[in-house]
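Each chain is listed here by its residues.
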Amino acid sequence: ARTKRWWMGPSFGSGAADVPGETQFLLCEVGSAYALLMPLVEGGFRCTLSGSGSGLKLLSESGDARVRTSEVSNALYVGVGDDPFTLVAESMAAVAERLGTFQVKAAKRPPADRHLFGWCTWDAFYQSVDPAGIQAGLRSLSGGGAPPRMLIIDDGWQTVADDPGRASGGAGG
């Protein structure tokens, strides 16, 4: 289920009516097997699922009322398997091959700095990042025996609404 404009969270239910709007990945237990339904993104269109009475509804949208189409060739991937972990891995690989827009982890070379522990300020501060908080977080992690080797300062660059409590206009705020 969408928890923020940019973030999805898990949702659990017992039937199609329980599937929240804008679902982007659905793994269902069907008897002794599993089904995976993955709405796709292709070109200028993004697909999502939602519960609709006793069934599911697939929505394809561009995000712009002026952009329309009568055909979306890759809207939904459906896979079935006995093991949910294998099903997810095989399904992601199949979608990656079909769309050609991304690679799965197994097809990528790991980055050289993967062994370095890092900290991103977003989960601690969201948009309220300040130097004192960052310094306190770094001291806390180091004091706990896990000094970060990388720091990502994230203050929510994807914000879509003005923050009335924050000044605007350049690097000085």
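Residues numbered from 1 in each chain as written. Predicted model: local features only at pLDDT ≥ 70, side-chain atom pairs only at ≥ 80, totals over all residues. Heavy atoms only, no water.

**Some details on the packing of aromatic side chains**
Then comes step 1: Across all of its chains, the model carries two aromatic pairs by this definition.
Then comes step 2: An angle of 65 degrees between the planes, with centres 6.1 Å apart, marks the rings of Trp119 and Phe125 as edge-to-face. Across the pair, exposure class does not vary: Trp119 and Phe125 are buried alike. (Phe/Tyr/Trp six-rings, centres within 6.5 Å; stacked < 30°, edge-to-face > 60°. Buried < 20%, exposed > 50% of the residue type's maximum accessible area, 1.4 Å probe, protein only.)

**Things to note about the sheet that holds strand β7 (residues 55-61)**
Then comes step 1: The three strands are arranged β5-β6-β7 in an open sheet whose pairing can be described as antiparallel. A strand with exactly one partner marks an edge of an open sheet, and here the two such strands are β5 (41-42) and β7.
Then comes step 2: Looking at chain direction, β5 and strand β6 (residues 45-52) are connected through two bridges and run antiparallel. In the sheet register, Glu42 faces β6, and the bridge partner there is Phe45. (Pairing = 2+ DSSP bridges. Helix = DSSP H or I, 4+ residues; strand = E, 2+ residues; numbered from the N terminus.)

**Notes on helix α3 (residues 131-143)**
Then comes step 1: Taking 1.5 Å of rise per residue, 13 residues should cover 18 Å, and α3 covers 18 Å from first to last C-alpha, within 8% of that figure.
Then comes step 2: In the core, the buried residues of α3 are packed alongside β9 (118-120), α2 (122-125) and β10 (150-152).
Then comes step 3: With its phi angle positive at about 90 degrees, Gly145 sits one or two positions after the end of α3. (Expected span 1.5 Å × (residues − 1). Contact = heavy atoms within 4.5 Å.)

**Re the sheet that holds strand β4 (residues 33-39)**
Across a sheet, paired strands are connected by hydrogen bonds in the backbone, their directions being either parallel or antiparallel.
Then comes step 1: The strand order across the open sheet built from three strands is β3-β4-β8, with neighbouring strands paired in antiparallel fashion. Because the sheet does not close on itself, it has two edges, and the strands there are β3 (26-30) and β8 (76-81). Averaged over neighbouring strand pairs, the angle between their axes works out to 20 degrees when direction is ignored.
Then comes step 2: Looking at chain direction, β4 and β8 are connected through six bridges and run antiparallel. Counted as the bridge partner of Ala35 is Val80 from β8.
Then comes step 3: Running over the sheet, helix α1 (residues 84-99) touches β3, β4 and β8 and is turned about 30 degrees from β4. (Axes fitted to C-alpha atoms, helices over the stretch in contact; angles between N-to-C directions.)

**Let's talk about the pairing of β7**
Then comes step 1: Where β6 and β7 come together, seven bridges link them in antiparallel fashion. Looking across to β7, one finds that Thr48 is bridged to Leu59.
Then comes step 2: The antiparallel pairing of β6 with β7 creates a hairpin that spans two residues between the two strands, and Gly53 there sits at a positive phi of about 65 degrees.

**Concerning the confidence of the model for the chain**
Then comes step 1: With 87% of its residues at a pLDDT of 70 or more, the chain has an overall mean of 87.
Then comes step 2: Taking the mean pLDDT of every element in the chain, the minimum, 67, falls on strand β1 (residues 2-4) and the maximum, 98, on β8.
Then comes step 3: For residues 169-173, every residue scores under 50 in pLDDT, and the model assigns this stretch two contacts once sequence neighbours within four places are set aside. (pLDDT = per-residue confidence, 0-100.)

**So, the layout of surface pockets**
Then comes step 1: The volume enclosed by the largest pocket comes to roughly 640 Å³.
Then comes step 2: Taken together, 23 residues make up the lining of the largest pocket; nearest its centre are Ser11, Val19, Leu26, Leu27 and Cys28.
Then comes step 3: When residues of the lining of the largest pocket are traced back to their parent elements, those giving at least two are β3 and β4.
Then comes step 4: For the lining of the largest pocket, the leading source of residues is β3, giving four residues.
Then comes step 5: Across the lining of the largest pocket, the residue classes break down as 14 nonpolar, seven polar and two charged. (1 Å grid on protein atoms, 1.4 Å probe; cavity = no way out; pocket = protein on both sides within 12 Å on 5 of 7 lines; lining within 4 Å. Points joined across faces, edges and corners; volume = space filled by probe spheres on them. Nonpolar A, V, L, I, M, F, W, Y, C, P; charged D, E, K, R; others polar.)

**Comments concerning α1**
Then comes step 1: Taking 1.5 Å of rise per residue, the 16 residues of α1 would be expected to cover 22 Å, and the 22 Å separating its terminal C-alpha atoms lies within 8% of that figure.
Then comes step 2: If you check which residues of α1 are buried, you get Pro84, Leu87, Ser91, Val95, Ala96 and Leu99. Along the axis of α1, the buried positions cluster into a sector of 160 degrees, meaning they face one direction only. Counted as exposed and oriented over 90 degrees from the buried face of α1: Phe85, Glu90 and Glu97.
Then comes step 3: In this structure, the buried side of α1 is in contact with β3, β4, β5 and β8.
Then comes step 4: Near the N-terminus of α1, the side chain that reaches the backbone nitrogen of Phe85, with its oxygen 2.9 Å away, is that of Asp83.
Then comes step 5: One or two residues past the end of α1 sits Gly100, with phi positive at roughly 70 degrees. (Arc of directions from axis to C-beta. Polar contact = N/O pair within 3.5 Å; in protein donor to acceptor, adjacent residues only side chain to side chain.)

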